[in-house]
Amino acid sequence: MEEPRVRCPELLKKVTSAAEAAELIKDGMTVGTSGFTPAGYPKAVPLALAERAKKERIKINLWTGASVGDELDGALARAGIINKRLPYQTNESIRDAINRREVQYIDIHLSQVAQQARYGFLGHLDVAIVEAVAITPEGYLIPSTSVGNTPTFVELAEKVIVEINTSQPLELEGMHDIYIPADPPKRKPIPLTRVDERIGTPYILCEPDKIAAIVFTDIPDNVRPLAPVDAISKQMAENLIEFFKREIKAGRLPDKLLPLQSGVGSVANAVLAGLAQSDFSDLEFYSEVIQDSVFDLIDAGKMRFVSGTSITASEAGLKRFYENIKSYRQKIILRPQEISNNPEVIRRLGIIAMNTAIEVDIYGNVNSTHIMGTRMMNGIGGSGDFSRSAYLSIFATPSTAKNGAISCIVPMVSHVDHTEHEVHVIVTEWGVADLRNKCPVERAQEIINNCAHPDYRPLLKEYLDKALKRGGHTPHCLEEALSWHIRFGAHGSMKPKN
Ligand code: COA
């Protein structure tokens, strides 16, 4: 017989329905939930809350780890419940509500959320809703497929609602390593010097008295399908792997590389898939999301160890993870995002950070979040946590978007998330721009020649030549700097009309 999920007899009397648990959430409250890039987020209680909102007015502020599934962000956004939301989302319903400014969205570096909450910067946390696979005899919580900000939310919340999800296997127990740093002035160095080290506990500490309700559910993680690796992503991956080989030859990277971080999305997945085909071995991964391609690398015997904060697999990837969980758990640790994305640890371990850009400018500034400078896409996520502290900070993007109507290399980005100071390398399907040890004009030449699409190269050169005549350390023609975006807005292409 399966071990009981609630092992603290006292707490059995707290078991209730999702509808009754949702009654604990009142209008005006702030709710913090588990969940990170649709993994390990609560499902039944948010759905019950959305149902309740049909009968009464209710508005809440919602904090999560990162993006969560449609049962939470989608259902609550469509019910008009969310007032303020942080720190990251990818759901279409909430994205639209954010861009209509019906939801106030606070886009925060993912490593900083827990500490900002503890410092009191974000206000009071009323309720935490946490998905768990089990509750220990002491009342401690065993998280499921993600850790995210849950340990701090449980610490700060007045009340905790636990969703025991029976679709999540009990074998997840033991994969987590929970550590909350002390706050300044008492903070000590985080004692992580290797990717595979454990520094905390396998459970989240929780005072049993705080647990106000326990709800059983079996709704699975609403994971997203992964786009197949297309020719452009494959070429970017090949360009990057060639770059790594040159770095090894030059003595700037060891043969096994350094621990890798890889962002979200299809490009990131393609880069890792490319590594699985390469002759690299004994790799390590210190990242936030663990995507399907990481399982490929483990299965191919090329990945020694993986540290992250969530299992962000496709449906097929999740099935494969569950089926082989006993062997994967020897090689995977899930940590709070405050640790998986911690700048101190990232700098110490010497991470190779690989993230995706929406657009890049000729000087190396990167926009990861805003379409045409105004419309929020997802959020900065962990890209800033990693890029600023990385040993090597790499941004990949296809050279064009929307069938060539948009150049992803532009004279000036329409929004800045990562500045020229933390971007070392740009990769497109055309090549690699190495920006290290280069002044702005050298960087512009490198990016235009190596990364821009040939259709846009002459236009970018023309812009740079004109700007150079005006002088300055970082030359620009300010009246034209955003004219490409304006042109796209006016007639659907960044290319001049004639
Ligand atoms: N201008 C306008 N639209 C653009 C564009 C540009 N320069 N570049 C891409 N787009 C559009 C695409 O056409 C696509 O539109 P669609 O959804 O209508 O098809 C959309 O933006 C997404 O582009 P895609 O190429 O599919 O990107 P992706 O899935 O690889 O995601 C980011 C790219 C940047 C949106 C994503 O990586 C992200 O949110 N990053 C920020 C957070 C982060 O880096 N987290 C990881 C840290 S560990």
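Anything mentioned here points back to the structure above.
The structure contained in this document is the topic of the report that follows. Along each chain, residues carry numbers from 1 onward, in the same order as the chain's sequence is written. pLDDT decides what is reported in this predicted model: residues at 70 or higher carry local features, side-chain atom pairs at 80 or more are listed and counted, and totals for whole chains, interfaces and linings draw on all residues regardless. Only hydrogens and water are set aside; all other atoms, that is, all heavy atoms of the structure, feed into the side-chain values.

**Thoughts on the overall build of the protein chain**
Turning to step 1, where the next piece is worked out: Strands are runs of DSSP state E lasting at least 2 residues, helices are runs of H or I lasting at least 4, and numbering of each runs from the N terminus. Scanning the protein chain from terminus to terminus reveals 17 helices and 25 strands.
Turning to step 2, where the next piece is worked out: Within the protein chain, the proportion of its 498 residues that are buried is 60%.
Turning to step 3, where the next piece is worked out: Whether two residues touch is decided by their heavy atoms; if any such pair falls within 4.5 Å, the residues are in contact. Taking the intrachain contacts of the protein chain between residues at least 6 apart in sequence as the baseline, contacts between residues at least 24 apart amount to 74%.
Turning to step 4, where the next piece is worked out: Computed with a 1.4 Å probe, the accessible areas rest on the Shrake-Rupley method; for each residue, only the protein chains presented here act as cover. For the protein chain, the exposed surface amounts to about 19600 Å²; the carbon and sulfur share of it is 51%.
Turning to step 5, where the next piece is worked out: Of note, the protein chain has its 56 positive side-chain charges centred 3 Å away from the centre of its 62 negative side-chain charges. Here's how the labels work: a residue is buried when its accessible area is under 20% of the maximum for its type, exposed when over 50%, partly exposed in between, all with a 1.4 Å probe on protein chains only. Residues counted as positive are Lys and Arg, residues counted as negative are Asp and Glu, and His and the chain ends are not counted. By convention, the point assigned to a charge is CZ for Arg, NZ for Lys, CD for Glu and CG for Asp.

**Here's the deal with the side chain of S111**
Turning to step 1, where the next piece is worked out: Looking at where S111 falls in the secondary structure, it is placed in the loop between β4 (104-105) and α5 (113-119).
Turning to step 2, where the next piece is worked out: Polar contact is defined as a pair of N or O atoms within 3.5 Å, subject to the rule that within protein one atom must be able to donate a hydrogen and the other to accept it, and that residues adjacent in sequence are counted only when both atoms are side-chain atoms. Looking at S111, its side chain comes within polar contact range of the side chain of D385, at 2.7 Å.
Turning to step 3, where the next piece is worked out: Excluding residues that lie within four positions of it along the chain, S111 makes contacts with Q337, E338, N341, N342, P343 and D385.

**Quick notes on the side chain of S387**
Turning to step 1, where the next piece is worked out: Among the structural elements, S387 can be located in helix α14 (residues 383-389).
Turning to step 2, where the next piece is worked out: A residue is classified by how much of its surface remains accessible, and S387, at 2% relative accessible area, is buried.
Turning to step 3, where the next piece is worked out: Here H418 takes part through its side chain, which lies 3.4 Å from a polar atom of the side chain of S387.
Turning to step 4, where the next piece is worked out: Those residues in contact with S387 that lie beyond four places of it in its chain are A353, S393, F395, H418 and E422.

**Here we look at the site of the ligand**
Turning to step 1, where the next piece is worked out: Definition of nearness: a residue and a molecule or strand are near each other if at least one heavy atom of the residue lies within 4 Å of the molecule or strand. Around the ligand there are 23 residues in total, and Q261, E288, I358, N378 and K402 lie nearest to it.
Turning to step 2, where the next piece is worked out: A distance of 3.4 Å separates an oxygen atom of the ligand from a polar side-chain atom of Y88.
Turning to step 3, where the next piece is worked out: Separating a nitrogen atom of the ligand from a backbone N or O atom of I358 is a distance of 2.9 Å.
Turning to step 4, where the next piece is worked out: Protein coverage of the free-state accessible area of the ligand, which is 980 Å², stands at 77%.

**Remarks on the nonpolar core**
Turning to step 1, where the next piece is worked out: Core analysis: the biggest nonpolar cluster contains 75 residues, and L141, F244, L257, F321, I332 and I352 have the highest contact counts within it.
Turning to step 2, where the next piece is worked out: Sequence-distant contacts of I352, that is, excluding residues within four places in its chain, are made with F244, L253, L257, L258, P259, L260, Q261, L392 and I394. We define a nonpolar core as any set of buried Ala, Val, Leu, Ile, Met, Phe, Trp, Tyr and Cys residues linked to one another through side-chain atoms lying within 4.5 Å.

**Focus on the packing of aromatic side chains**
Turning to step 1, where the next piece is worked out: Between the rings of Phe, Tyr and Trp (Trp by its six-membered ring), a pair exists once the centres lie within 6.5 Å; its type follows the angle of the planes, with under 30 degrees stacked, over 60 edge-to-face, and the other angles tilted. A full pass over the atoms with the stated rule returns 9 aromatic pairs.
Turning to step 2, where the next piece is worked out: Between W63 and F153, the ring centres sit 5.8 Å apart and the planes meet at 50°, which makes this aromatic pair tilted. Linking W63 in strand β2 (residues 60-63) with F153 in helix α6 (residues 150-156), this pair joins segments that are 90 residues apart in sequence.
Turning to step 3, where the next piece is worked out: Plain terms: the ring middles of Y140 and Y203 are 4.7 Å apart, the flat faces sit at 25° to each other, and that makes the pair stacked.

**Topic: helix α3 (residues 70-78)**
Turning to step 1, where the next piece is worked out: In terms of burial, α3 is a largely internal element, 7 of the 9 residues being buried.
Turning to step 2, where the next piece is worked out: Every buried residue of α3 is accounted for by E71, L72, D73, G74, A75, L76 and A77.
Turning to step 3, where the next piece is worked out: Lining the buried residues of α3 we find β1 (30-33), α2 (44-52), β2, β3 (82-86) and α4 (92-99).
Turning to step 4, where the next piece is worked out: In the segment just after α3, G80 is the residue with positive phi, at about 70°.

**Digging into a nonpolar patch on the surface**
Turning to step 1, where the next piece is worked out: On the surface, L12, V15 and F216 cluster together into a nonpolar patch covering about 250 Å² of accessible area.
Turning to step 2, where the next piece is worked out: Counting through the fold element by element, V15 comes out in the segment before α1 (18-22). The residues that make up patches have over 30% relative accessible area and no salt bridge, and they are joined within 9 Å when like-charged or within 5 Å when they are Val, Leu, Ile, Met, Phe, Trp or Tyr. Any carboxyl oxygen of Asp or Glu that lies within 4 Å of a side-chain nitrogen of Lys or Arg is treated as forming a salt bridge with it.

**Regarding helix α15 (residues 440-451)**
Turning to step 1, where the next piece is worked out: Any helix carries an expected span of 1.5 Å times its number of residues minus one. Taking 1.5 Å per residue, 12 residues should reach 16 Å; α15 reaches 16 Å between its end C-alpha atoms and fits that length.
Turning to step 2, where the next piece is worked out: Along α15, the residues that are buried comprise P440, V441, R443, A444, E446, I447, I448 and C451.
Turning to step 3, where the next piece is worked out: Residues of α15 that are buried in the fold lie against β16 (359-361), β23 (409-410), β24 (425-428), β25 (431-434) and α16 (457-470).

**Structural notes on the pairing of β3**
Turning to step 1, where the next piece is worked out: Pairing between strands is defined by DSSP: at least two bridges between them are needed. Note that β2 and β3 share 4 bridges and pair parallel. Within β3, the residue paired with W63 across the bridge is L86.
Turning to step 2, where the next piece is worked out: Remark: the β2/α3/β3 crossover connection has right-handed handedness.
Turning to step 3, where the next piece is worked out: Across 2 bridges, β3 lies against β4 in parallel orientation. Looking at the pairing, R85 lines up with Y105 of β4.
Turning to step 4, where the next piece is worked out: Taking the sense of rotation as the criterion, the β-α-β connection linking β3, α4 and β4 turns out right-handed. Crossovers are described as right-handed under a simple rule: with the strands pointing away from the observer, the path leading from the first strand over the helix to the second runs clockwise.

**Digging into the sheet that holds β23**
Turning to step 1, where the next piece is worked out: As summarised here, the arrangement of the 3 strands in space is β17-β16-β23, forming an open sheet in which the pairing is mixed. Strand pairing shows two members of the sheet lacking a second neighbour, β17 (366-367) and β23, which therefore form its edges.
Turning to step 2, where the next piece is worked out: In the sheet, β16 pairs with β17 via 2 bridges, with the strands oriented antiparallel. The residue bridging V360 from the neighbouring strand is V366, located in β17.

**What about the pairing of strand β5 (residues 127-135)?**
Turning to step 1, where the next piece is worked out: Counting buried positions along β5 gives 9 out of 9 residues, so the element sits mostly inside the fold.
Turning to step 2, where the next piece is worked out: Pairing between β1 and β5: 3 bridges, direction parallel. Note on β5: the bridge partner recorded for T33 is I129.
Turning to step 3, where the next piece is worked out: As paired strands, β5 and strand β7 (residues 159-165) are joined by 5 bridges and run parallel to one another. Directly across from V127, in β7, lies its bridge partner K159.
Turning to step 4, where the next piece is worked out: Pairing analysis gives 3 bridges linking β5 to strand β6 (residues 141-143), with the strands arranged antiparallel. Across the sheet, I135 pairs through a bridge with L141, a residue of β6.

**Some remarks on the environment of V289**
Turning to step 1, where the next piece is worked out: Following the sequence through the fold, V289 ends up in strand β11 (residues 289-290).
Turning to step 2, where the next piece is worked out: Residues V289 and V133, 156 residues apart in the sequence, show an inter-C-alpha distance of 20 Å.
Turning to step 3, where the next piece is worked out: What V289 contacts, discounting residues up to four positions off in sequence, is F36, T37, S262, G263, V264, S310 and T312.

**Re the pattern of salt bridges**
Turning to step 1, where the next piece is worked out: Within the structure shown, the criterion is met by 35 salt bridges.
Turning to step 2, where the next piece is worked out: Note that D70 and R78 form a salt bridge whose closest N and O atoms lie 2.7 Å from each other.
Turning to step 3, where the next piece is worked out: What emerges from the salt-bridge pattern is a single network uniting R118, D183, R187 and E338.

Interpretation note: all reported values are geometric properties and have no functional meaning in isolation.
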